Amino acid sequence: LLIVVGVLCLVMLRSVPVKASFREQLDIFKSKHTWFCTVTYVMTFGSFSGFAAAFPLMIKTMYGDFPGAPDPLKYAFLGPLIGSAARVAFGFVADKVGGAILTQISGLAMIALCAAMVFTGALTPTSLEQFPVFVACMLGIFFFSGIGNASTFRQYPIIFAHSARQGAQVLGWTGAVAAYGPFVFSLLVGGSITRTGSAGPFFIGVAVFYLAAVAINWWY
């Protein structure tokens, strides 16, 4: 599949030469909006990729010792599936209603879902009865992070509409940073569980980060 797509890209994609030196291309880092876009994309794609890695880890760590414990591999694919489908579906919606409002909705929804997991005890289970709540909240986070993936990529070219080159570079930069999500999220979730016995502190911390990201998105 990759070979076929690669050949099609080579033959059919329009080449747009970058008429700027490497030093000139670094000008995106002088704009505060580059960093604001990075924050909102870490909230959306960083969460999607990060939780894709951490989801099965949390199932095994938090629910793996109960009798009849769920198999993490039976659930691991559901999050990426839902998040990816949401990204495709809501790309068209973002084109119609605009990216900013969908980014705002996705961020607020993820804050609410993180809070729900903390306050329902799904992160400190006493039995498998809390497992459906945990899975539902996690799949909700995947769904809304997928919406945010679509909406942010609608926003950034418009934010940098004055320079198509800068817009393209910001898309690449934010994607590169958010791609560290699996490493960072797994590290922090594992550290939270190891030090406190619960992933609760991680989810409280990530909800605070989401709050900062939606505040930036709202203001700018």
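See the structure printed just above.
Residues numbered from 1 in each chain as written. Predicted model: local features only at pLDDT ≥ 70, side-chain atom pairs only at ≥ 80, totals over all residues. Heavy atoms only, no water.

### A short note on the nonpolar core
Consideration 1: In terms of nonpolar packing, the biggest core is built from 43 residues, with F51, M58, F134, M138, I141, F203 and Y210 touching the most fellow members.
Consideration 2: Those elements giving two or more residues to this core turn out to be α3 (32–63), α6 (99–120), α7 (131–159), α8 (164–178), α9 (181–196) and α10 (200–219).
Consideration 3: Of all the elements, α3 adds the most residues to this core, at 12 residues.
Consideration 4: Beyond its immediate chain neighbours, meaning those up to four positions away, M58 contacts F51, Y63, F134, M138, V189, A199 and F203. (Core = buried A, V, L, I, M, F, W, Y, C linked by side-chain atoms within 4.5 Å. Buried < 20%, exposed > 50% of the residue type's maximum accessible area, 1.4 Å probe, protein only. Helix = DSSP H or I, 4+ residues; strand = E, 2+ residues; numbered from the N terminus. Contact = heavy atoms within 4.5 Å.)

### So, the packing of α3 against α10
Consideration 1: α10 packs onto α3 with a crossing angle of 155 degrees between their chain directions and a minimal axis gap of 9 Å. One way to sum up the angle between α3 and α10 is to call them roughly antiparallel. The interaxial crossing formed by α3 with α10 has left-handed handedness. Contacts between α3 and α10 involve F36, V39, T40, V42, M43, S47, F51 and M58 from the first element and F202, F203, F209, Y210, A213, V214, I216 and N217 from the second.
Consideration 2: Classifying every residue of the contact of α3 with α10 gives 13 nonpolar, three polar and no charged. (Axes fitted to C-alpha atoms, helices over the stretch in contact; angles between N-to-C directions. Parallel < 35°, antiparallel > 145°, perpendicular 65-115°, else oblique. Left-handed = near helix turned anticlockwise from the far one by under 90°. Nonpolar A, V, L, I, M, F, W, Y, C, P; charged D, E, K, R; others polar.)

### Brief notes about the packing of α3 against α9
Geometry of a packed helix pair, given as the angle between the helix axes and the separation of the axes.
Consideration 1: At a minimum axis separation of 7 Å, α3 and α9 run at an interaxial angle of 35 degrees. The two elements α3 and α9 meet at a crossing, and its hand is right-handed. In this structure, α3 uses G46, S47, S49, G50, F51, A53, A54, L57, M58, T61 and M62 to contact α9, whose residues at the interface are G181, P182, F185, S186, V189 and I193.
Consideration 2: Class assignment for the residues of the contact of α3 with α9 results in 10 nonpolar, seven polar and no charged.

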